[in-house]
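Letter by letter, the chains look like this.
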Amino acid sequence: MPRTRRGTAFSAQLQQQLATWARRLLNDWAVLTWTADSARVGPVTVTALNWLFLIGISAIGFLTNGHLMWIGVAAAAWLVVTIVRASIVMPRRRNTLEAIYSGLQKPAGLPSGTVSRPTTPSKHITAIRWSSSQSIRAAQLSVGASSASVGAPMRRLIVEKAIEQSVPAPADMEWVFNWTKSSTVEFEAVNGDDPRVAKQLMARKIIATLRSLFKITDRNAADGYALDIAEWADETRADGAVVPIPTQLRFAAGSQDLTDPGFRDTLERSFDRSVSCPGEWIYLWNKDEQALEISRAAKGSLEARRKLNERKFADEIRSAITKPGKDPVVAVVETWADDESDQPATIDVDFGTLPLGERRLRDKLEDSLDTSIHTRWPDVRLLFDWKFEGGSTQLAIMSVDHNDVRAKQKSVEKKLRNVVESKFGKASTPVDCDIIEWQEGLSPTGEALPQRARVNFGSIDVNKRETRDEFQDHWDSLTTNNDWAYSWSTADGIVTMTAVPRLPDQLAFPMPGTTAFDEAIALARKGVLRFGPQKGGGWLDWDLNETPHGLVGGKTGQGKSVALSIVLFYAMLLPDVYEVIVCDPKRTDFTWTPEFPSVVHFAATDTEIVDAVARAKRRMDAGQTLLNKLQVRKLSWLREKYASDPELEKAHGPVPRRLILFFDELADFLAKGANSDVEELKDEARANLESIARLGRAIEVNIVAAAQKPDAKIISTQLRSQLGFRLGVGPLDQYESQQILNSDHGTRFPEEGTPKGRSWAYDPKNGYRQVQVMFLPDDSMVCPWDASIMLTGSKELARDRLIELGFAQTSITNSDGGIEPRWIRVENDDAWPSIDVPTNAEHDSESSDTKPELDFGAGLGDQELNDSDDVDPWNQ
Ligand SMILES: Nc1ncnc2c1ncn2[C@@H]1O[C@H](COP(=O)(O)OP(=O)(O)OP(=O)(O)O)[C@@H](O)[C@H]1O
């Protein structure tokens with residue numbers, strides 16, 4: 001019967017449902033009553049009370065054994081209460097769980113249920129501790145296994161946030177999470193002041209910071225990133241609260257490139273800003289393990305100070321750059337001064353592609369770093385080593401003590417560079433100054449001494465001699481320990497200076513037997529007069545072949561006579577090469593000269609001098625005639641011609657010797673006097689002098705004039721302009737310097753302290769040069785600056801030489817009745833044409849010491865002298 005069958009089916013279904021309901025109720029009752037009723041009565045949970053009740057009632061039953069009915073009633077009542085309680089609480093809990101599950105399903109990657117396969121939240125949310133009928137105190141969530149990234153350390157925050165939202169924490173409590181495995185998180189509600197809450201907050205901040213700095217997204221969160229905070233320490237905040245702050249943490253950095261210093265620097269700075277802490281974060285980039293290890297150093301600790309100094313240094317470098325480039329500037333302290341120091345010893349700076357080739361930019365940067373290091377460590381200096389390779393700019397900085405020789409070198413280089421730049425550099429054209437090499441040792445004042453330096457003038461034109469001269473003068477004044485030899489490359493605008501020994505304050509003329517002596521005499525034989533060493537190295541030589549006439553001037557007592565004596569000395573020593581006509585209007589310094597055969601004429605009075613000049617002019621004319629006759633332009637060429645054709649010499653006579661018209665106090669003679677007759681004669685002499693000055697070079701007639709003040713009004717322009725060689729002896733005033741040197745060079749010597757014999761020389765070819773004229777006294781004497789040395793006078797040296805040449809000394813009585821020595825040739829050798837030495841009778845009664853004019857045949861040819869001497873070191 002269908003009705004009955006349907007009824008049966010219904011009742012069967014009902015029974016089944018009832019049975020399920022009863023089972024569930026029983027299960028709920030058992031679970032809640034005996035394990036999970038966390039509601040409290042006073043301090044005790046209901047579950048505990050139930051157990052107590054069970055134990056209590058069993059004990060009473062056992063002990064009383066007679067009140068069974070009362071016990072049964074109490075047990076039944078308790079049973080009813082607990083069953084009712086279970087039937088209310090447990091479904092509520094199930095609902096809560098359902099709600100939580102659906103909230104967590106997505107973020108925690110939990111399976112979503114279907115009608116046929118409903119979800120079982122209790123499988124995923126386990127170990128639940130309920131705080132009341134429907135509020136959870138603690139539980140454990142197993143996240144979905146389907147997606148590995150769900151529980152990835154850098155993504156856990158999402159799950160935690162979802163739990164916080166889906167599972168309301170009991171009032172005034174916070175969730176703390178504990179990931180026991182990457183798929184399981186335990187969460188527990190704790191009071192807000194529980195230290196775990198603060199730790200969790202801190203950890204989340206660090207994670208958030210690292211996520212943003214490493215650009216970690218939910219998508220790549222599982223790519224090997226992980227944070228492990230290994231150690232915490234409690235710190236008291238300014239407001240008195242004690243908070244836990246990590247002291248050690250380790251961050252596994254996935255596949256991030258940890259070698260990029262720019263990235264590291266940016267990260268460190270950002271982390272410092274985002275995650276503040278007492279003390280300093282110290283970063284250790286463990287490239288081998290792809291990890292960033294961060295530890296916390298206490299405020300003021302060595303590590304913290306080092307970090308701050310490094311940072312400060314880097315900041316200073318950055319702020320010193322006017323135009324930053326696209327790459328970050330990274331400064332890393334490679335080493336520290338010592339184990340205990342926070343003073344950087346070596347710092348590597350990477351400017352990336354920032355172009356800092358321009359000296360000024362680098363100087364500015366160096367200066368600002370110097371200043372800042374000096375403020376902090378006054379005794380420390382920085383050395384900079386720039387490298388420009390492959391388009392990138394690197395700088396290695398080293399800090400050294402201010403006494404370190406490199407520090408001293410640097411300060412000298414800087415000083416020189418600044419001085420040169422400020423004097424010669426213009427805004428648009430920087431002048432570069434580099435020290436290429438240093439001398440060993442320091443100056444007496446402890447300064448480093450450059451050996452070689454180079455200045456690049458950039459676009460400044462150094463073709464003008466005055467510009468170069470000005471620079472040299474300036475550079476010379478910057479250093480006192482040595483002098484400088486200048487090598488100019490004017491086309492490139494570069495000068496290289498090499499340190500040379502200082503010009504000595506005095507130097508005796510070398511003695512015979514020395515190479516220096518032989519060299520000087522050999523030069524004199526060629527018409528080159530050596531005065532002494534010149535500043536910057538080498539010798540100051542007056543080449544009469546280049547610059548035939550000259551003027552020597554200077555204040556009295558500074559060494560003018562000594563300089564002139566040197567000229568005379570060469571002539572005395574080489575009677576075969578030189579003839580001298582001496583004009584000495586003052587009759588002071590050169591009255592001794594007629595003794596020597598080279599001096600063919602000595603004149604003192606105006607008329608004598610007029611004659612002497614006329615004689616020189618005649619000599620020149622005769623020479624000119626000879627040249628004309630033989631169709632050559634110079635005596636030197638005539639010598640060559642004779643050498644190739646000796647017959648010519650026999651026909652025309654020997655080549656005349658070089659004639660020096662030696663004129664002391666030229667201005668005194670030329671100055672106009674009152675006697676008109678004499679003035680007429682002097683006019684003739686003036687004309688002759690000008691003529692010799694103009695034409696003397698080819699015929700080797702040279703004027704060597706001296707004057708204290710060669711006034712331009714007295715010495716005619718024609719004559720002056722031909723006196724090409726100038727020697728200004730000693731300090732001069734502006735006027736004297738202009739008259740003697742045509743420049744202010746003479747004024748550059750200080751009035752006090754200039755050594756005797758120190759002079760400026762000028763010739764058109766070499767410009768201005770400073771020289772220390774060698775000291776050669778006329779008579780032998782004790783060396784003025786070294787009493788242990790005896791200096792042989794020029795007269796004695798010349799006499800010895802004459803004896804060697806076969807001359808003998810005799811004497812004459814001069815016009816004043818005095819006895820004067822003279823020299824005559826004693827040998828009567830054909831190879832030595834006779835030299836007529838004037839006898840007393842021949843001597844001009846007026847006083848002029850004129851020796852008869854000799855035709856050229858009377859001269860001593862080079863050849864003859866060579867033949868006569870066995871060994872003659874001067875014949876070269
Ligand atoms: N080249 C020199 N080196 C060292 N000392 C020198 C030199 N020249 C001169 N003296 C010293 O200076 C003194 C004066 O020198 P000198 O007689 O040459 O000067 P002067 O300028 O010619 O003076 P005056 O015009 O009065 O003759 C010399 O006696 C000597 O002691």
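Residues numbered from 1 in each chain as written. Predicted model: local features only at pLDDT ≥ 70, side-chain atom pairs only at ≥ 80, totals over all residues.

- Under an unreviewed UniProt entry, the name given to the protein is FtsK/SpoIIIE domain-containing protein, and the organism recorded is Rhodococcus baikonurensis.

Here we look at the overall build of the protein
Consideration 1: What the protein contains, in helices and strands, is 22 helices and 33 strands.
Consideration 2: Against the compact-globule benchmark of 29 Å for 876 residues, the protein has a radius of gyration of 56 Å, which places it well outside the compact range.
Consideration 3: Projected onto the principal axes, the alpha-carbon positions of the protein cover approximately 190 × 60 × 55 Å.
Consideration 4: Counting across all 876 residues of the protein, residues that qualify as buried make up 31%.
Consideration 5: Sequence-distant contacts in the protein: of pairs separated by 6 or more residues, those separated by 24 or more amount to 59%. (Helix = DSSP H or I, 4+ residues; strand = E, 2+ residues; numbered from the N terminus. Rg over C-alpha atoms; globule rule 2.2 N^0.38 Å. Buried ≥ 20, exposed ≤ 12 C-beta atoms within 10 Å, placed from the backbone. Contact = placed C-beta atoms within 7 Å.)

Remarks on the environment of Gly 537
Consideration 1: With respect to the helices and strands, Gly 537 occurs in the loop between strand 19 (528-533) and strand 20 (539-543).
Consideration 2: The partly exposed category is assigned to Gly 537, around which 15 C-beta atoms lie within 10 Å.
Consideration 3: Sequence-distant contacts of Gly 537, defined by excluding residues within four places in its chain, comprise Ala 485 and Val 500.

As for the UniProt feature "transmembrane region" (unreviewed entry) in the protein
Consideration 1: Mapped onto the present numbering, the UniProt feature "transmembrane region" (unreviewed entry) falls at residues 41-62 and 68-88.
Consideration 2: Segment residues 41-62 splits into 77% helix and 14% strand. End C-alpha atoms: 27 Å apart.
Consideration 3: Between the first and last C-alpha atoms of residues 68-88 the distance is 30 Å; the span itself is 100% helix and 0% strand. (UniProt positions renumbered as here; feature names shortened; annotations may be inferred.)

A word on the UniProt feature "binding site: ATP" (unreviewed entry) in the protein
Consideration 1: Taking the UniProt record as the reference, the feature "binding site: ATP" (unreviewed entry) is found at Gly 554, Lys 555, Thr 556, Gly 557, Gln 558, Gly 559, Lys 560 and Ser 561.
Consideration 2: Structurally, the position occupied by Gly 559 is in the loop between strand 21 (550-554) and helix 13 (560-573).
Consideration 3: Those residues within four positions of Gly 559 in sequence are excluded, and the remaining contacts are Val 729, Gly 730, Lys 756, Gly 757 and Val 773.
Consideration 4: Mapped onto the secondary structure, Lys 560 falls in helix 13.
Consideration 5: The buried category is assigned to Lys 560, around which 25 C-beta atoms lie within 10 Å.
Consideration 6: Not counting chain neighbours up to four residues away, the residues in contact with Lys 560 comprise Val 552, Gly 554, Ala 706 and Val 729.

Brief notes about the site of the ligand
Consideration 1: Among the 16 residues in the neighbourhood of the ligand, the closest are listed as Gly 559, Ser 561, Lys 756, Gly 757 and Phe 775.
Consideration 2: At three residues, helix 13 tops the list of elements feeding residues into the shell around the ligand.
Consideration 3: Considered class by class, the residues forming the shell around the ligand number five nonpolar, eight polar and three charged. (Near = placed C-beta within 6 Å. Nonpolar A, V, L, I, M, F, W, Y, C, P; charged D, E, K, R; others polar.)

Some thoughts on helix 5 (residues 156-166)
Consideration 1: Those residues of helix 5 not exposed but buried are Arg 156, Val 159, Glu 160 and Ile 163. In an axial view of helix 5, the angular spread of the buried residues amounts to 100 degrees, which keeps them on one side of the axis. (Arc of directions from axis to C-beta.)

Digging into the nonpolar core
Consideration 1: Grouped together as the largest cluster of nonpolar side chains are 89 residues, with contacts concentrated most on Ile 566, Tyr 570, Val 580, Ile 581, Leu 661 and Phe 662.
Consideration 2: When residues in this core are grouped by element, the largest group, eleven residues, is from helix 13.
Consideration 3: When sequence neighbours within four positions are dropped, the list of residues in contact with Leu 661 reads Ile 581, Val 613, Ala 616, Ile 692, Val 701, Asn 702 and Ile 703.
Consideration 4: Counting 27 residues, the second largest nonpolar core, distinct from the first, contains Leu 32, Ala 86, Ile 128 and Ala 169. (Core = buried A, V, L, I, M, F, W, Y, C linked by C-beta atoms within 7 Å.)

Observations concerning the sheet that holds strand 4 (residues 136-142)
Consideration 1: Pairing within the open sheet is antiparallel, and its four strands lie in the order 3-4-6-5. Edge positions in the open sheet fall to strand 3 (125-130) and strand 5 (173-181), since each of these has one partner strand only. The average angle at which neighbouring strand axes cross in this sheet is 15 degrees, direction not considered.
Consideration 2: Helix 5 rests against strand 4, strand 5 and strand 6 (184-191) of the sheet, and its axis sits at about 140 degrees to strand 5. (Pairing = 2+ DSSP bridges. Axes fitted to C-alpha atoms, helices over the stretch in contact; angles between N-to-C directions.)

A look at the confidence of the model for the protein
Consideration 1: Here the protein averages 87 in pLDDT, while 93% of its residues score no lower than 70.
Consideration 2: Taken element by element, the predicted model of the protein shows its lowest mean pLDDT in helix 22 (residues 862-868) (36) and its highest in strand 19 (98).
Consideration 3: Contacts from residues 829-847, a stretch scored under 50 in pLDDT, to residues over four places away or in other chains number 39 contacts.
Consideration 4: Segment residues 854-876 is flagged for pLDDT under 50; beyond a separation of four residues in sequence, or across chains, it makes 41 contacts in the model.
Consideration 5: Predicted as a complex, the structure gets a pTM of 0.70 and an ipTM equal to 0.97. (pLDDT = per-residue confidence, 0-100.)

Considerations on unusual backbone geometry
Negative phi is the rule for most residues except glycine; trans is the rule for most peptide bonds.
Consideration 1: A positive phi angle, close to 55 degrees, is found at Lys 215, a residue other than glycine.
Consideration 2: Phi is positive for Gln 290, which is not a glycine, with a value near 55 degrees.
Consideration 3: Here Gln 290 lies in the loop between strand 9 (280-286) and strand 10 (291-297).

A short note on the domain arrangement of the protein
Consideration 1: With domains assigned, the protein is organised as domain 1 (327-500) and domain 2 (515-760 + 780-865).
Consideration 2: Inter-centroid distance (C-alpha atoms) of domain 1 to domain 2 is 51 Å.
Consideration 3: Each partner contributes residues to the interface: domain 1 has six residues there, and domain 2 has four residues.
Consideration 4: Here the side of domain 1 that touches domain 2 gets four residues from one element, more than from any other, and that element is strand 17 (residues 483-489). (Domains from an automatic or database assignment.)

Quick look at the packing of helix 13 against helix 21 (residues 794-804)
Each pair of packed helices gets described by two things: the angle between the helix axes and the distance between those axes.
Consideration 1: Helix 21 packs onto helix 13 with a crossing angle of 10 degrees between their chain directions and a minimal axis gap of 9 Å. In terms of orientation, helix 13 and helix 21 fall into the roughly parallel class. Only Ser 794, Leu 797, Ala 798 and Arg 801 of helix 21 make contact with helix 13, whose side of the interface consists of Ser 565, Phe 569, Met 572 and Leu 573.
Consideration 2: In terms of residue class, the contact of helix 13 with helix 21 is made up of five nonpolar, two polar and one charged. (Parallel < 35°, antiparallel > 145°, perpendicular 65-115°, else oblique.)

Description of the sheet that holds strand 8 (residues 242-253)
Paired through their backbone hydrogen bonds, the strands of a sheet run either parallel or antiparallel.
Consideration 1: Here we have four strands laid out as an open sheet, ordered 7-8-10-9, and antiparallel in their pairing. Of all strands in the sheet, those bounded by a partner on one side alone are strand 7 (225-236) and strand 9. Looking at each pair of strands side by side, their axes are set apart by 25 degrees on average, direction ignored.
Consideration 2: The pairing of strand 9 with strand 10 spans seven bridges and is classified as antiparallel. If you follow Ile 282 over to strand 10, its bridge partner there is Ser 295.
Consideration 3: Contacting strand 7 and strand 8, helix 6 (residues 195-213) crosses the sheet at an angle of about 35 degrees to strand 8.

Focus: the pairing of strand 16 (residues 448-456)
Consideration 1: The sheet contact formed by strand 15 (residues 432-442) and strand 16 spans seven bridges and is antiparallel. Its bridge partner lying in strand 16, Asp 434 is registered against Arg 454.
Consideration 2: Here strand 15 folds back onto strand 16, and the loop between the two strands holds five residues, one of which, Gly 446, carries a positive phi near 85 degrees.

Topic: the packing of helix 8 (residues 302-320) against helix 9 (residues 359-376)
Consideration 1: Running from amino to carboxyl end, helix 8 crosses helix 9 at an angle of 145 degrees, the nearest separation of the two axes being 9 Å. Here the hand of the crossing between helix 8 and helix 9 comes out right-handed. Of the residues in helix 9, those touching helix 8 at Glu 316, Ile 317 and Ala 320 are Lys 364, Leu 365, Ser 368, Leu 369 and Ser 372.
Consideration 2: Residue composition of the contact of helix 8 with helix 9, by class: four nonpolar, two polar and two charged. (Left-handed = near helix turned anticlockwise from the far one by under 90°.)

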